[in-house]
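# Examination of the molecular architecture
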There are 2 protein chains.
Amino acid sequence: MNVTIYDVAREANVSMATVSRVVNGNPNVKPATRKKVLGTIEQLGYRPNAVARGLASKRTTTVGAIIPDISSIFFSELARGIEDIATMYKYNMILSNSDQNPEKELTLFNSMLEKQVDGIVFMGGKISDELLQQFDKSPVPIVIAATGQGTGEIPTVAIDYEQAAYEATKLLVDHNHKQPAFVAGTAEAETNNQKYKGYLRAVTENNTEVKQEYIVKANNTYNSGLDAAKQLADLADRPSAVFVSSDEMALGVIHGFQDNGLRVPEDIEVVGYDNTRLATMVRPTLSTVVQPTYDIGAVAMRLLTKLMNKEEVSDKNVILPHRIIERNSTK
Amino acid sequence: MNVTIYDVAREANVSMATVSRVVNGNPNVKPATRKKVLGTIEQLGYRPNAVARGLASKRTTTVGAIIPDISSIFFSELARGIEDIATMYKYNMILSNSDQNPEKELTLFNSMLEKQVDGIVFMGGKISDELLQQFDKSPVPIVIAATGQGTGEIPTVAIDYEQAAYEATKLLVDHNHKQPAFVAGTAEAETNNQKYKGYLRAVTENNTEVKQEYIVKANNTYNSGLDAAKQLADLADRPSAVFVSSDEMALGVIHGFQDNGLRVPEDIEVVGYDNTRLATMVRPTLSTVVQPTYDIGAVAMRLLTKLMNKEEVSDKNVILPHRIIERNSTK
DNA sequence: CTGAAAGCGCTAACAG
DNA sequence: CTGTTAGCGCTTTCAG
């Protein structure tokens, strides 16, 4: 059997309560006693049992993170932001992949509650009604990150996806492209809808009649970008600029154009979205929307710590700043 | 207060033990009773408390994963492999970033043991003596993944880093490059040393006198690849082929050469290592060593489940197969 | 097939 | 400053 708080107490000739106090840094312990206890802890190799502590105190110092796919370059950066701040505040993070599957999201959420996490950071595409209901009944605080869905009740951290998309498109419009093309991510994700809206706003305010063939549906993967580029390049009336809803897909688009003999940015300008590390790992380097991915994770987790501490938070819906960075895929 | 097993028992007119049996799928319950209990569980919205269960049963169905950096494209794929299999076997995963910092590794390891995880998957560069000692004293099983360090006692899952590097270099040698250059990752990581050895073996068996200026130390980042390429390109006697110890860095190397007016593969051939998704996200596409990253994670986790179940495992040191895939960065 | 009862290891009043 | 004493919610013998 492992050494318990009781063993330490006996060996040090104090009560369990005292041992508990020194372990938890409670100041109400005479320095001499503290030293003695610390000594026998060391000597016995005592390691506090966090499960027992969790049961007694009703706090596990563990948070849950529900993420679509940790192997995505975008989300893994987010996760790193969450974990860094979690560690800073002495929390551990249980991480689970949802693949944006509504049923899996529900299962994961409940499994995390069973594990008695003190809070949850949720990232996803769209939040189903059922999940939303469960969120509302949640016994622990939840923060929604990078999900572009205002729910009213649940705190969120994100950027203004619509406005950022508007600005990216506007940049292209200002470069004298009457209607830049748009390579869209799947409409399953609310952020993608926001991006589409922003694109449309920039295009229509220019009074253009919208060409539907310039709007191609894809799914944010590199390969779908490749395909989209080919599709666009084959158009009789091909566009001279394109706004792509994610960096990874934008790399695909750039390469797709290049594979079809077009030069970026001379023949066609390209703007991406996210500013992941990929943006500088391509030639030409990618102009893109800077979304502070790591920070969204970090801020979401920081917000969660406040909520878990029942601190007052003035603003439950945090919008982080974005900007456009011009590199070499635009003129 | 939340609804407990006791509430369910009272409401269903059975004992806690029976409720526990129903919840845990113990067959020794009369169907009628089971149904009744299930009914009141539903009705009361009872959710088992995993912390209490963990304390009583001494199993938390949670595993720990210590990983250098989840935002790295290589490790995030590994993590996904771990998590998928963990979920399949009903485990949750606590994920922590170590940045390959030995002290942090120690802290994380102990913190996970405090949390009473049932097992741990460790990924890192080099395992410090102190950490190794702690591993040996661990009350729960540990599996070391993708770390290239045989420790004897602790089970490992990896590929043969030396042999793979040998083959990659050999490919270049066979393309009539007397001595391909080598862009190395930091020697802090054991895998990198293995790669270096493999490189050297392929070069020396060819009886070449080894040019030290062809071996450049870098750190596996894109930018260090950029620098390495410049350094190599500036050599009076510049190499005509280069083996790079990671894909991300290989992209940097390719772009570095291109930025310096060299053509890949016409002027210089490039081979990478890992076959991350990046390998096809570059022009020319990258010839590279296929390391089954996801599988390493998955197999490591599967192995851990066996160990946690105290099943006999015949082979404690799993070497997964690798191969070289030729794309367009080689002739 | 079911129940009673003893913990699991720790925290948190409460008392002194 | 320190000790006593209840639990936290569940699993697990042991009986029956």
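These numbers were taken from a predicted model, which means no experiment stands behind them.

Take the interface of chain B and chain A next. As a measure of interface size, the accessible area lost when the parts come together is often cited. Every contact between the two is made by 52 residues of chain B and, on the other side, 52 residues of chain A. The contact between chain B and chain A buries some 4500 Å² in all, and 52% of this surface belongs to carbon and sulfur atoms. Across the contact surface, chain B and chain A share 8 salt bridges. In this structure, R277 of chain A engages E248 of chain B in a salt bridge whose closest nitrogen and oxygen atoms are separated by 2.9 Å. The tally of links between chain B and chain A comes to 30 residue pairs in polar contact (both at pLDDT 80 or more). Listed by contribution, the elements that provide at least two residues to the side of chain B that touches chain A are helix 4 (50-57), helix 5 (73-88), strand 2 (92-97), helix 6 (102-114), helix 10 (222-233) and helix 11 (247-259) of chain B. Residues belonging to the side of chain B that touches chain A are distributed by class as follows: 21 nonpolar, 17 polar and 14 charged.

In terms of nonpolar packing, the biggest core is built from 98 residues, with M301 of chain A together with M301 of chain B touching the most fellow members. Beyond its immediate stretch of four places on either side in the chain, M301 of chain B contacts V63, I82, I85, A86, Y91, V121 and M308 of chain B.

So, about the protein's contact with DNA strand C. Near DNA strand C you find 28 residues, and of these I5, S20 and Y46 of chain A together with R21 and T33 of chain B are the closest. Of all atoms in DNA strand C that approach within 4 Å of the protein, 64% are sugar or phosphate atoms. In the environment of DNA strand C, a phosphate oxygen lies 2.3 Å from a nitrogen or oxygen atom belonging to the backbone of I5 of chain A. In the model, a base oxygen of DNA strand C is placed 2.6 Å from a nitrogen or oxygen of the R21 of chain B side chain. Only helix 2 (16-23) and helix 4 (50-57) of chain A together with helix 2 (16-23) and helix 4 of chain B provide two or more residues apiece to the surface near DNA strand C.

A separate point is the UniProt feature "domain: HTH lacI-type" (unreviewed entry) in chain A. What UniProt calls "domain: HTH lacI-type" (unreviewed entry) maps, in this numbering, to residues 3-57 of chain A. Here residues 3-57 of chain A runs as 69% helix and 0% strand, with 20 Å between its end C-alpha atoms.

Residue and element names in this part refer to chain A. Taken together, the 6 strands give an open sheet; going across it, the order is 7-6-8-9-10-12, and neighbouring strands pair in mixed fashion. Of all strands in the sheet, those bounded by a partner on one side alone are strand 7 (215-217) and strand 12 (323-325). The mean angle between the axes of side-by-side strands here comes to 20 degrees, regardless of whether they run parallel or antiparallel. Sheet topology note: the strand 6 (residues 181-184)/strand 8 (residues 241-244) ladder contains 3 bridges and is parallel.

About the cut-offs
Residues numbered from 1 in each chain as written. Chains lettered and ligands numbered in written order. Predicted model: local features only at pLDDT ≥ 70, side-chain atom pairs only at ≥ 80, totals over all residues. Heavy atoms only, no water. Contact = heavy atoms within 4.5 Å. Buried area = accessible area lost by both parts, 1.4 Å probe. Salt bridge = Lys/Arg side-chain N within 4 Å of Asp/Glu carboxyl O. Polar contact = N/O pair within 3.5 Å; in protein donor to acceptor, adjacent residues only side chain to side chain. Helix = DSSP H or I, 4+ residues; strand = E, 2+ residues; numbered from the N terminus. Nonpolar A, V, L, I, M, F, W, Y, C, P; charged D, E, K, R; others polar. Core = buried A, V, L, I, M, F, W, Y, C linked by side-chain atoms within 4.5 Å. Buried < 20%, exposed > 50% of the residue type's maximum accessible area, 1.4 Å probe, protein only. Near = heavy atom within 4 Å. UniProt positions renumbered as here; feature names shortened; annotations may be inferred. Pairing = 2+ DSSP bridges. Axes fitted to C-alpha atoms, helices over the stretch in contact; angles between N-to-C directions.

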